[in-house]
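Residue-level structure breakdown
Residues per chain, in single letters:
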Number of protein chains: 2
Amino acid sequence: MSHAPRLDRARTRMETVGVDVLLLSVGADLPYLTGYEAMPLERLTMLVLPRDGEATLVVPELEAPRVVPEPDAFTIRPWSETEDPIAIVAALAGRPGRVAIGDRTWARFVLALQEALPGATFGPGRDVVGALRLRKDAAEVLALRAAAHAVDAVAAEMRTRPFAGRTELDVHRELVDRMLEHGHQRPNFAIVASGPNGASPHHDPAARVIGDGDVVLCDFGGTMAGYCSDITRMFVVGEPTAEIADAYAVLQLAQEEAFLAATVGTPCEAVDAAARSVIADAGFGPNFMHRTGHGIGVEEHEDPYIVAGNATPLEPGFAFSIEPGIYLRGRFGLRLEDIVVAAESGPDRLNCASRDLAVVG
Amino acid sequence: MSHAPRLDRARTRMETVGVDVLLLSVGADLPYLTGYEAMPLERLTMLVLPRDGEATLVVPELEAPRVVPEPDAFTIRPWSETEDPIAIVAALAGRPGRVAIGDRTWARFVLALQEALPGATFGPGRDVVGALRLRKDAAEVLALRAAAHAVDAVAAEMRTRPFAGRTELDVHRELVDRMLEHGHQRPNFAIVASGPNGASPHHDPAARVIGDGDVVLCDFGGTMAGYCSDITRMFVVGEPTAEIADAYAVLQLAQEEAFLAATVGTPCEAVDAAARSVIADAGFGPNFMHRTGHGIGVEEHEDPYIVAGNATPLEPGFAFSIEPGIYLRGRFGLRLEDIVVAAESGPDRLNCASRDLAVVG
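Residues numbered from 1 in each chain as written. Chains lettered and ligands numbered in written order. Predicted model: local features only at pLDDT ≥ 70, side-chain atom pairs only at ≥ 80, totals over all residues. Heavy atoms only, no water.

Examining the pattern of salt bridges
For the structure on display, the rule yields 64 salt bridges over all chains. One salt bridge in this structure joins A:Arg178 and A:Glu174, with 2.7 Å as the shortest N-O distance. Here A:Arg178 and its partner A:Glu174 are both found in helix 7 (residues 168–181), 4 residues apart, which amounts to about one turn of the helix. As a salt-bridge pair, B:Arg166 and B:Glu174 come within 2.6 Å of each other at their nearest N and O atoms. Where salt bridges share partners, they join A:Asp29, A:Arg104, A:Arg133, A:Lys136, A:Glu299 and A:Glu302 into one cluster. (Salt bridge = Lys/Arg side-chain N within 4 Å of Asp/Glu carboxyl O. Helix = DSSP H or I, 4+ residues; strand = E, 2+ residues; numbered from the N terminus.)

This is how it looks when you write it as structure tokens:
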């Protein structure tokens, strides 16, 4: 696919928001607009997109062979080991009044560019690219659905696998392997949090051996054909206690209510509130201490955030996670997550894997 | 280990360079100074280190359980989903005249902090932390040596493995698995570039099937106990042609000359020149288009860079790669890499795996 149309949409948006030049480096905006992903290394890669001029991709000479050329969309400007990439970017930028710079650009490059372009005001790149990325088109929803189905398959397979006696790290590696087997180009993360470790929502898999009766939280995702997956499913070794089953029933209801609430026109914060009120009513309010979800697309976390204070109404094509949780310190943690796309026909849940608590050996 | 002494050294350095407050987020400076690695996500994690005050680690509430507390070194300030972390950091920073901000901090946070601290001048965090990280102490050299020996073991094992008929991706995954088996906490990269793909120094492993006669470049490394490994070894399927063997002999000599040149007091650029002149004399000058090496420590690439134009003389404890290459477009690529530490007793080569071209099946 040619990225020229997307670059043109970016130029139109630059006109709307009054930006003279867009500078993009590491992060998802660059592959979104050019197909090329910068290496997160100390040699600067940067797309220079003037509102009224040709786009140029400034790239380290030894990484230039990785770029798939699109002569209709951008020119490639390789720089050699003894050149100064900041000077090259500044020259291509001209004398801009307002610069938008990619959100994840390293501080060292931001500061150097501010010095090299002393007349310019710098603003966030998401003012330009964020608006484009927010509404997914049909091809993008298809890509998200394919990625979701791949992790659905992994989740289904895990229901038949043994957990007891294995370390979290071992299960983590199996998740990573299975994501690759099911077509992911890159696993992004695989949280495996068993027993009390589950009470830390972003727990790193560790040497802890999973035992009888343990609740195991598996939250994993990756990138497939440029778009991200993200799913959380819950496992328990042996029959769950009534306490676990009851808390899980609350969580499942909360997730369902948030899903049903995610209709076009509903503010993001109302989707959050739908999940939160179910959990609070059951007495677990303080045990759900994170937002209900995040946008997803070329990036694992992006706008829109499903959080109190975000009054943005959902539009068709907004894609996001719905992932309430209940965390009991020192005991266990529960979370249930699907990716949902807002659509005129109602919320479209991309994940189909069973949402029941899986009883495993 | 307590990180209080390192924080004190940072404060001393801040005094020397006239910095009032140091702000660190994602990247290696934060774990170097606190033991904590920020998640590279949209929720801000930031260490606020005033030159004359207490250090505070501002961290998302749901990531706070990941922090190992060190009350003698820093206070933890968790922020909840509805708080503004920028305002919290700005309040802790006070009214600084000069701020140093971590090199990899995301642009969105740099811009927001510049707005929140309008009276401050922002400079690069490496002015403070870079100087500390440059000279490795005995414990750090030990950690680098352990990481080097782990990838040495992987390189040795690969000499006995079949390559023909396998995809680059398959070999890539084996390298990743073996790094984990040999104690790495995290594989950082594993380049497998066969035949003509080898001519792109940063080639991504692909579906290409390795065939008879192919030269295969394997460049891999990861993190072990917080310190990085990085090694490149060369493989050939079946007996190498005279052309390959001759070019490899040139490369091996170039790498050896650079190693011998890496004595305390020698400028970094002279180490680069030592490798480059051997390769140029053999007629391959234009085929070695990257610098000879990069520093290594808690980060895979850091100061000092072994590159033309860097006149910094090597000091005891400087750790860096020596990795010349010869790349023949459309044919094959060769590179040979070890990690070396400058020492009064002469250059200390951390990698011991055979540097001979490995003939494999």
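Still more ground to cover, so stick around.
Focus: the sheet that holds strand 4 (residues 75–79) of chain A
All names here are of chain A. With mixed pairing, 6 strands are arranged side by side in an open sheet as 4-3-2-1-5-6. Every other strand in the sheet has two partners, leaving strand 4 and strand 6 (121–124) as the edge strands with one partner each. Averaged over all pairs of adjacent strands, the angle between their axes in this sheet comes to 25 degrees, without regard to strand direction. As defined by bridge partners, strand 3 (residues 56–60) adjoins strand 4 across 5 bridges and the pair is classed as parallel. Bridge pairing in strand 4 links Val58 to Arg77. (Pairing = 2+ DSSP bridges. Axes fitted to C-alpha atoms, helices over the stretch in contact; angles between N-to-C directions.)

Focus: the interface of chain A and chain B
Residue-level contacts link 41 residues of chain A with 41 residues of chain B. When the two sides are added together, the surface that chain A and chain B hide from each other amounts to roughly 3700 Å², 56% of it contributed by carbon and sulfur. By the criterion of area lost to chain B, the three top residues of chain A are A:Leu62, A:Leu111 and A:His202, representing 16% of everything that side buries. The tally of links between chain A and chain B comes to 6 salt bridges. (Contact = heavy atoms within 4.5 Å. Buried area = accessible area lost by both parts, 1.4 Å probe.)

Quick word on the domain arrangement of chain A
Residue and element names in this part refer to chain A. For chain A, the assigned domains are domain 1 (4–133) and domain 2 (135–360). If you average the C-alpha positions of domain 1 and of domain 2, the two centres end up 34 Å apart. Taken together, the contact between domain 1 and domain 2 spans 9 residues of the former and 9 residues of the latter. Summed over both partners, the interface of domain 1 with domain 2 comes to about 730 Å²; 29% of that surface belongs to carbon and sulfur atoms. At the boundary of domain 1 with domain 2, the tally comes to 5 salt bridges. One salt bridge in this structure joins Arg186 and Glu37, with 3.1 Å as the shortest N-O distance. Inspection of the domain 1/domain 2 interface yields 7 residue pairs in polar contact (both at pLDDT 80 or more). Counting residues per element, the side of domain 1 that touches domain 2 draws most heavily on helix 5 (residues 126–134), which supplies 4 residues. Here the residues of the side of domain 1 that touches domain 2 sort into 4 nonpolar, no polar and 5 charged. (Domains from an automatic or database assignment. Polar contact = N/O pair within 3.5 Å; in protein donor to acceptor, adjacent residues only side chain to side chain. Nonpolar A, V, L, I, M, F, W, Y, C, P; charged D, E, K, R; others polar.)

Topic: the packing of aromatic side chains
Within the structure shown, the criterion is met by 4 aromatic pairs over all chains. Taking 4.9 Å as the distance between ring centres and 25 degrees as the angle between the ring planes, the aromatic pair formed by A:Phe163 and A:Phe235 counts as stacked. Highlighted residues: A:Phe163 in the loop between helix 6 (138–158) and helix 7 and A:Phe235 in strand 10 (residues 231–237), separated in sequence by 72 residues. The class for A:Phe163 is buried, based on a relative accessible area of 0%. Judged by centre distance (6.0 Å) and plane angle (15 degrees), the ring pair of B:Trp106 and B:Phe109 falls under stacked. (Phe/Tyr/Trp six-rings, centres within 6.5 Å; stacked < 30°, edge-to-face > 60°. Buried < 20%, exposed > 50% of the residue type's maximum accessible area, 1.4 Å probe, protein only.)

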